[in-house]
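# Structure assessment
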Amino acid sequence: AQSVAQPEDQVNVAEGNPLTVKCTYSVSGNPYLFWYVQYPNRGLQFLLKYITGDNLVKGSYGFEAEFNKSQTSFHLKKPSALVSDSALYFCAVRDKAYSSASKIIFGSGTRLSIRP
Amino acid sequence: EAGVTQFPSHSVIEKGQTVTLRCDPISGHDNLYWYRRVMGKEIKFLLHFVKESKQDESGMPNNRFLAERTGGTYSTLKVQPAELEDSGVYFCASSTLGGVDTEAFFGQGTRLTVV
């Protein structure tokens, strides 16, 4: 079965520093990976996705994620953190390779806190 | 274009009562999903509609949960009778019928508290 794991419940970073939110995956077949963000009192928002192609995927709000097949990881990164990046981040994977009837399977979430 | 909307945003009910959550997907989206996040844990899949048909309801925890999507438009999720462990945030999402890279759009969620 497809799954993702987020090993950190919380990540604390100073504003202006680079940030990394970790995610590892376990899939059979090709992975279809996503990152979503939930800001306070808001719904989940799509950040970026990896389907095929370049291992470095760029997304919204200056975020990017690096797909690493050998390490089965899909870490979310940003070169310079902003206080407004403070939110809950979810890594996710599609559970079926060949159909939009597949469902999205989420990790447990990582709370990112950026201090001024 | 309106996004996915959910109603109510918050609900506090007593154990044993009934609650109905509503989700209005983006117009034209045939896929509709329900998810739930219990405090501090992962967002868990509940079920998936394609138009008015249940494609996958493997995540529904028990028969106290009933989801419907009459006419393939909005969906309701009823919990009857509610138990304490049903507390959490219930998310709805919708997407078009497409490939595996199809993005799902989420609502803001309904926070359900059973006391």
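Look up a bit, the structure's there.
Definitions and limits used
Residue positions are given per chain, counting from 1 as you read along its sequence in written order. Chain letters and ligand numbers both follow the written order, the letters beginning at A and the numbers at 1. Local features are withheld for residues below a pLDDT of 70 in this predicted model, meaning they are given only at 70 or higher, and side-chain atom pairs are given and counted only at 80 or more; totals for whole chains, interfaces and linings count all residues. Derived side-chain values reflect all non-hydrogen atoms in the structure, with water molecules and hydrogen atoms excluded from consideration. Cysteine sulfur atoms are paired as a disulfide whenever they fall within 2.5 Å. Under the DSSP-based scheme used, a helix requires at least four consecutive residues in state H or I and a strand at least two consecutive residues in state E, with every element numbered from the N terminus. Exposure classes here rest on a 1.4 Å probe applied to the protein chains alone. A residue is buried below 20% of its type maximum, exposed above 50%, and partly exposed in between. Residues enter a nonpolar core if they are buried and are Ala, Val, Leu, Ile, Met, Phe, Trp, Tyr or Cys, with the set joined through side-chain atoms within 4.5 Å. Counting of polar contacts relies on pairs of N or O atoms within 3.5 Å, with two restrictions inside protein: one atom must be capable of donating a hydrogen and the other of accepting it, and residues adjacent in sequence are counted only when both atoms are side-chain atoms. One side-chain nitrogen of Lys or Arg within 4 Å of one carboxyl oxygen of Asp or Glu is enough to make a salt bridge. Here a strand pair is declared whenever DSSP counts at least two bridges between the two strands. Put simply, the grid is 1 Å and covers the protein atoms alone, a cavity is a trapped set of points that fit a 1.4 Å probe, a pocket is an open set with protein on both sides within 12 Å along at least five of seven lines, and lining residues have an atom within 4 Å of a point. Grid points are joined across faces, edges and corners, and a volume is the space filled by probe spheres set on the points. Gly is placed with the polar residues, together with every amino acid not listed as nonpolar (Ala, Val, Leu, Ile, Met, Phe, Trp, Tyr, Cys and Pro) or charged (Asp, Glu, Lys and Arg).

## Examining the state of the cysteines
If you walk through the whole model with that rule in mind, you get 2 disulfides over all chains. Through a disulfide, Cys23(A) is tied to Cys91(A); the S-S separation comes to 2.0 Å. With the S-S bond torsion at -65°, the cross-link from Cys23(A) to Cys91(A) turns out left-handed. With a gap of 68 residues between them, Cys23(A) in the loop between strand E3 (19-21) and strand E4 (24-26) and Cys91(A) in strand E10 (residues 87-94) connect regions that are remote in the sequence. Exposure remark for Cys91(A): the relative accessible area of 0% places this residue in the buried category. The disulfide partner of Cys23(B) is Cys92(B), and the S-S distance across this bridge is 1.8 Å. Where Cys23(B) bonds to Cys92(B) through sulfur, the torsion about that S-S bond is close to -65°, and the disulfide is left-handed. Placement of Cys23(B) in strand E3 (residues 19-24) and of Cys92(B) in strand E9 (residues 88-95) is noted, with a sequence separation of 69 residues between them. In this structure, Cys23(B) and Cys92(B) share a single accessibility class: buried.

## What to know about the nonpolar core
Core analysis: the biggest nonpolar cluster contains 27 residues, and Trp35(A), Leu48(A), Leu76(A) and Tyr89(A) have the highest contact counts within it. Listed by contribution, the elements that provide at least two residues to this core are strand E2 (10-14), E3, strand E5 (33-38), strand E6 (44-50), strand E8 (64-68), strand E9 (73-78), E10 and strand E12 (110-115) of chain A. Among the elements that take part in this core, E10(A) stands out by supplying 4 residues, more than any other. Membership of the second largest hydrophobic core comes to 21 residues, among which are Leu32(B), Met60(B), Leu112(B) and Val114(B).

## A closer look at the side chain of Arg36(B)
Residues and elements named next belong to chain B. Among the structural elements, Arg36 can be located in strand E4 (residues 31-37). The exposure class assigned to Arg36 is buried, which follows from its relative accessible area of 14%. Polar side-chain contacts of Arg36 include one of 3.1 Å to the side chain of Tyr90.

## Regarding the pattern of salt bridges
Residues and elements named next belong to chain B. All chains considered together, the criterion is met by 10 salt bridges over all chains. Taking the shortest distance from any N to any O, the salt bridge between Arg64 and Asp86 comes out at 2.5 Å. Residue Arg64 is located in the loop between strand E6 (53-56) and strand E7 (65-68), and its partner Asp86 is located in the loop between strand E8 (75-79) and E9; the two are separated by 22 residues in the primary sequence. Exposure remark for Asp86: the relative accessible area of 1% places this residue in the buried category. When salt bridges that share partners are traced, they join Arg36, Arg64, Glu85 and Asp86 into one network.

## Quick notes on the pairing of E9(B)
Residues and elements named next belong to chain B. For E9, a buried count of 8 out of 8 residues is recorded, marking the element as mostly surrounded by other parts of the structure. In this structure, E4 lies alongside E9, joined through 7 bridges in antiparallel fashion. Paired with Arg36 across the bridge in E9 is Tyr90. The sheet contact formed by E9 and strand E11 (residues 110-114) spans 3 bridges and is antiparallel. Paired with Val89 across the two strands is Arg111, which belongs to E11. Here 2 bridges tie E9 to strand E10 (residues 105-106), and the two strands are oriented antiparallel to one another.

## Some thoughts on the layout of surface pockets
In this structure, the largest pocket spans a volume of roughly 630 Å³. Lining the largest pocket are 27 residues, with Gln38(A), Leu88(A), Arg37(B), Val89(B) and Arg111(B) positioned closest to its centre. Contributions of two or more residues to the lining of the largest pocket are made by E10 of chain A together with E9 and E11 of chain B. Per-class residue counts for the lining of the largest pocket are 9 nonpolar, 13 polar and 5 charged. Taken as a whole, the second largest pocket encloses approximately 170 Å³ of empty space. In terms of lining residues, the second largest pocket is bounded by Arg42(A), Gly43(A), Leu44(A), Gln45(A), Phe46(A), Val4(B), Glu103(B), Ala104(B), Phe105(B), Phe106(B), Gly107(B) and Gln108(B). Elements represented by at least two residues in the lining of the second largest pocket include exactly E6 of chain A together with E10 of chain B. In terms of residue count, E6(A) provides more of the lining of the second largest pocket than any other element does, 3 residues in total. In the lining of the second largest pocket, the residues fall into 6 nonpolar, 4 polar and 2 charged.

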